[in-house]
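Residue-level listing of the chains:
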Amino acid sequence: MTKLILAAMLSLFQATGNPAQSTPPGEQQPRSSALEQRIQRIQDHIKTSVFGRGLVDGPTLADHMAALHVPGVSIAVIQDGAIAWARGFGVTRIGGPAVTPDTLFQAASISKPVSALAVLRLVESGKLNLDTDVNQYLKTWKVPENQFTSRAKVTLRTLLTHTAGMTVRGFPGYAANTPLPTVVQILKGEPPANTPRIVVDTVPGRSGRYSGGGYVVAQQLLEDVTGIPFPQLMRDSVLAPIGMTRSTFEQRLPASWLQAVATPYDSEGRAVPGGPHVYPEMAPAGLWTTPSDLARFAIEVQKALAGKSAVVSAAMARQMWTPNGQGPGTQTGGRPEFPFAYSGSNEGYKCYLVAYSNGDGAVVMTNGNNGALLALDIVSTIADEYKWPGLSVNTVF
């Protein structure tokens, strides 16, 4: 299978002379030769982390993809608050078309910061409060009361910062053409849900523990408060205002979008049976998007920090950009210039987003289960090329 992947990618690279590409909106043409040389350097020498030596030159991008059984990669780079370039590498499926910047991938857990922005918009409009007991908002389902909630209540702030004491770390999704549970069935852990019920098992606000389950609670709360289906709410309040036209939270994905999808592959280079899994847990895992659209999201947060966003205020954006910790929807480094970052891991899709307060950043999306290492190596290579601060072999997100 490795040989098949390598052959497919090499044929693509040899046939085109360079990776699939398109011009992000607002980017000027023609591209400079300096930019093309920079992209070629990244493509030719992927940096890898070696203990005690930091980042060292590794394989070419094509070889690294083949070794990890990842057929396709899509990259967008942000520089000075704009998309500097976006490229696709490899193929959407073995024997299929090339990946382009318009190819769709599942964002997996990078859905969380996008969902969090919708919550913050409603907070800013006065419809929600980050520190109110969520059971005051929930109608269809309530957080079960127990010995832990008697000591402290679950709030939107604790849900979005993974400090609510909520169970269920993540979700495996549902194979195509299998029954899907409702959100309430997921919350209660009732069939056909394939995860346990979501409850509080530690005192809310006391400590951090990653919980996709908490974001499912937030998803139900948003629908209960607004009366609007979650995909429509996200489209109207976040995706459309930011210009994320190649993004949707719809699950199942509309048929008209399917031809643009990168097929997911397992760790051995085999296509996931039945294709992409379905994630009714939309807020924590359900976003379909492109690196360019995720870059637009990051740029909007960067603009908000400077008080230049029409989506959210600077004060609200600063709550997301919590120094040295977990803000509502984002994970940040220890100094102001350090990035906020998020990784995503769904079945057959691995991705990574990193963004700095100064307007730089990058997004990498892949369609292989071994893509997490690849994405991190690509981001490290880009950071090294652009001389960004704060990213090194010791950086952990």
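Structure: see above.
Keep in mind it's a predicted model, so treat the numbers as computed, not measured.

How should I be thinking about the packing of aromatic side chains in this particular structure?
Remark: the centre distance and the inter-plane angle together describe each pair of aromatic rings, the angle taken between the planes. Going through the model one piece at a time under the given rule, you end up with five aromatic pairs. Here the aromatic rings of Phe230 and Phe249 are separated by 5.4 Å at their centres, their planes lie at 85°, and the arrangement is edge-to-face. Remark: Phe249 occurs in the loop between α8 (230-242) and α9 (282-285) and Phe230 occurs in helix α8; sequence separation between them is 19 residues. The class for Phe249 is buried, based on a relative accessible area of 0%. Ring pairs connect the aromatic residues Phe105, Trp288 and Tyr349, which therefore count as one cluster. Note that Arg38 overlies the ring of Tyr386, its terminal NZ or CZ placed 3.9 Å from the centroid.

Help me out: how do you make sense of the pairing of strand β5 (residues 82-90) in this one?
Regular strands have side chains that alternate between both faces of the sheet. Of all nine residues in β5, eight are buried, a share of seventy percent or more. Pairing analysis gives eight bridges linking strand β4 (residues 72-79) to β5, with the strands arranged antiparallel. What sits directly across from Val73, in β5, is Phe89. Taking the residues that link successive antiparallel strands as the turn, the β4-β5 hairpin has two residues, and the phi of Asp80 there is positive, at about 55°.

Rules and cut-offs
Residues numbered from 1 in each chain as written. Predicted model: local features only at pLDDT ≥ 70, side-chain atom pairs only at ≥ 80, totals over all residues. Heavy atoms only, no water. Phe/Tyr/Trp six-rings, centres within 6.5 Å; stacked < 30°, edge-to-face > 60°. Helix = DSSP H or I, 4+ residues; strand = E, 2+ residues; numbered from the N terminus. Buried < 20%, exposed > 50% of the residue type's maximum accessible area, 1.4 Å probe, protein only. Lys NZ or Arg CZ within 6 Å of the ring centre and 35° of its normal. Pairing = 2+ DSSP bridges.

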